[in-house]
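# An overview of the molecular structure
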Number of protein chains: 2
Amino acid sequence: MVAVDRAVARVLVIEDTEEISDLLQAVLEAAGMEVVLAATGPDGLAAARESRPDVVILDLNLPGLDGVEVCRELRTTSDAYVLMLTARTDEIDRVVGLTVGADDYVTKPFSPREVQARVQALLRRPRGLVALGAPAAVPPGADSAAGIRRVSERVALDAEARRVIVAGAPVTLTRIEFDLLDAVSENPRRVLSRSQLRDRVWGGDWLADDHAVDVHMSNLRRKLRAAGGGDVVATVRGVGYRMGDEPGARG
Amino acid sequence: MVAVDRAVARVLVIEDTEEISDLLQAVLEAAGMEVVLAATGPDGLAAARESRPDVVILDLNLPGLDGVEVCRELRTTSDAYVLMLTARTDEIDRVVGLTVGADDYVTKPFSPREVQARVQALLRRPRGLVALGAPAAVPPGADSAAGIRRVSERVALDAEARRVIVAGAPVTLTRIEFDLLDAVSENPRRVLSRSQLRDRVWGGDWLADDHAVDVHMSNLRRKLRAAGGGDVVATVRGVGYRMGDEPGARG
DNA sequence: GTTGTTCCTCAAGACATCGTCAAGATCCCG
DNA sequence: CGGGATCTTGACGATGTCTTGAGGAACAAC
């Protein structure tokens, strides 16, 4: 067995700007983590193979090899979580929505404390989900208190930012549409009745028609389909809704 | 029956990735369970014989011996419940629907809480009846939300997702058909009268003909037979319906 | 073997559910 | 206060599902 049994978490930082990497090293080591540094993409990949980190902090704008490429490589050779550093907000969608995406991101300028918190959140997530060559880093239904939840192969949901990215591009959802997708994707195995969804999305005290759930679900599906997300929500006729792409009513 | 009288529940984890097994060990021990680890299929089988666990957590993708093979072996040498870890959603149906299938499943990445909850749900299920393919008896009113219910050799039922898997493939049932199968399979030894089934499936206030039960039962049988599930429901002439394939034995 | 009962199966019409569209009401932001 | 987005509600069609009835098969009793 090659896996190293270690007490402290190991973090690999792939970052070309020395000020940033130094800062991160100081912060993470102060938090009791072991830090490995790399300045370029190829160096980072080699370091990942060698030191087997638990989390990789990866700058998107690396000279030479693109950060996205590095991330994709990392996915096939390591099971570490990837925390992406991005300079501009509009880069995030590309990183998050790709099939081989990051597990979380931080935009520059960032506070060291925030990076530390997010790394620790990633460390709390269960390990071992990347079976070498598997396309999706996070299969549907990941229970993530922090970061990004991958709803389906091409649909990712950022609960914190209340944003949904489909095939690399953000999709504008209304409040109710987002809450519906959030509710359904949070427990992907369960069939949620209209009443349950209504309670969850609208709040307990509400006398409205359950039919409203239908309409919003229809709008949600239309938007996701138009964005190339495929079928995300399945109808269970006579009961409610559930995650999945099986068209027919099961049960 | 070699029921071991012990205070704490014992869980065997068969998993080759050390990170996952470590995580599971930590979570389950924190929940007050005794944990035994094994990294390979043969080791796991030996450990199961030796330590007689109550629940086995089994990775589907083990190197060498396949997880399905390990599961089949476990069934003949142990009466433990099997919780399967699968990486991808579409593997589930195969694992769950097979003759020797898992009792529940969790998809990676899993939340530690979920694994703990599902293990405890399995521990609440009655012991000693599951071995050798016999359907597990869940007394009425028991925690029915727990895991997969094996209806017959080739038919499995996921109450939470309202899904029925026959011979490794999902089968589309209508609401009433599913509820009928659910009712009959929930207490497999009992003969349920048409009135009982009607109350259970339709709800108390209903004036319809009992004949409707016949028709839906007929449709249910046809679908299960067509999917290769064999005869699942038996008629007890003059009384009602019961699980099993024996035609008309009076109960 | 005959008879009456019970059950299965088939088919067709009645019914319910769901998806979608559109119009009006409401909320929110400037 | 005005304009735009968003939500609700109603209507309608398509599709799926349920019920009902009838014919016939299996079964038990005689």
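As shown above, the structure is provided for reference.
Summary of the structure given here.

What counts as what
- Residues numbered from 1 in each chain as written.
- Chains lettered and ligands numbered in written order.
- Predicted model: local features only at pLDDT ≥ 70, side-chain atom pairs only at ≥ 80, totals over all residues.
- Heavy atoms only, no water.
- Pairing = 2+ DSSP bridges.
- Helix = DSSP H or I, 4+ residues; strand = E, 2+ residues; numbered from the N terminus.
- Axes fitted to C-alpha atoms, helices over the stretch in contact; angles between N-to-C directions.
- Contact = heavy atoms within 4.5 Å.
- Phe/Tyr/Trp six-rings, centres within 6.5 Å; stacked < 30°, edge-to-face > 60°.
- Lys NZ or Arg CZ within 6 Å of the ring centre and 35° of its normal.
- Near = heavy atom within 4 Å.
- Polar contact = N/O pair within 3.5 Å; in protein donor to acceptor, adjacent residues only side chain to side chain.
- Nonpolar A, V, L, I, M, F, W, Y, C, P; charged D, E, K, R; others polar.
- Salt bridge = Lys/Arg side-chain N within 4 Å of Asp/Glu carboxyl O.
- Buried < 20%, exposed > 50% of the residue type's maximum accessible area, 1.4 Å probe, protein only.

Another aspect to go through is the sheet that holds strand β3 (residues 55–59) of chain A. Residues and elements named next belong to chain A. Read from one edge to the other, the open sheet built from five strands follows the order β2-β1-β3-β4-β5, with strand pairing classed as parallel. Edge strands, defined here as strands with exactly one partner in the open sheet, are β2 (34–38) and β5 (104–107). For this sheet the average axis-to-axis angle between neighbouring strands, irrespective of direction, equals 20°. In this structure, strand β1 (residues 10–14) lies alongside β2, joined through five bridges in parallel fashion. Residue pairing in the sheet places R10 in a bridge with E34 of β2. The sheet strands contacting helix α2 (residues 41–51) are β1 and β2, and the helix crosses β1 at an angle near 170°. Packing of helix α5 (residues 112–124) onto the sheet brings it into contact with β1, β3, β4 (81–86) and β5, and relative to β4 it is tilted by some 155°.

With that out of the way, let us pick up the packing of aromatic side chains. Scanning the model with the defined rule gives zero aromatic pairs over all chains in all. Directly above the ring of Y105 of chain B sits R189 of chain A, whose terminal nitrogen or CZ lies 3.7 Å from the centroid.

Near DNA strand C there are 19 residues, and of these R194, R221 and T235 of chain A together with R221 and T235 of chain B occur at the shortest range. Sugar and phosphate atoms represent 74% of those atoms of DNA strand C found within 4 Å of the protein. For DNA strand C, a phosphate oxygen lies 2.7 Å from a polar atom in the side chain of Y241 of chain B. Broken down by element, the residue count for the surface near DNA strand C peaks at five residues, all from helix α8 (residues 211–226) of chain B. A per-class count over the surface near DNA strand C returns four nonpolar, eight polar and seven charged.

Residue and element names in this part refer to chain B. Evaluated as defined, the whole model comprises 31 salt bridges over all chains. The salt bridge involving R75 is made with D103; its shortest N-O contact spans 3.1 Å. Separated by 28 residues along the polypeptide, R75 in helix α3 (residues 67–77) and D103 in the loop between α4 (90–97) and β5 (104–107) bring together distant segments of the chain. Taken as a pair, R75 and D103 share a single burial class, namely buried. In this structure, R118 and D104 form a salt bridge, with 3.2 Å as the shortest nitrogen-oxygen distance.

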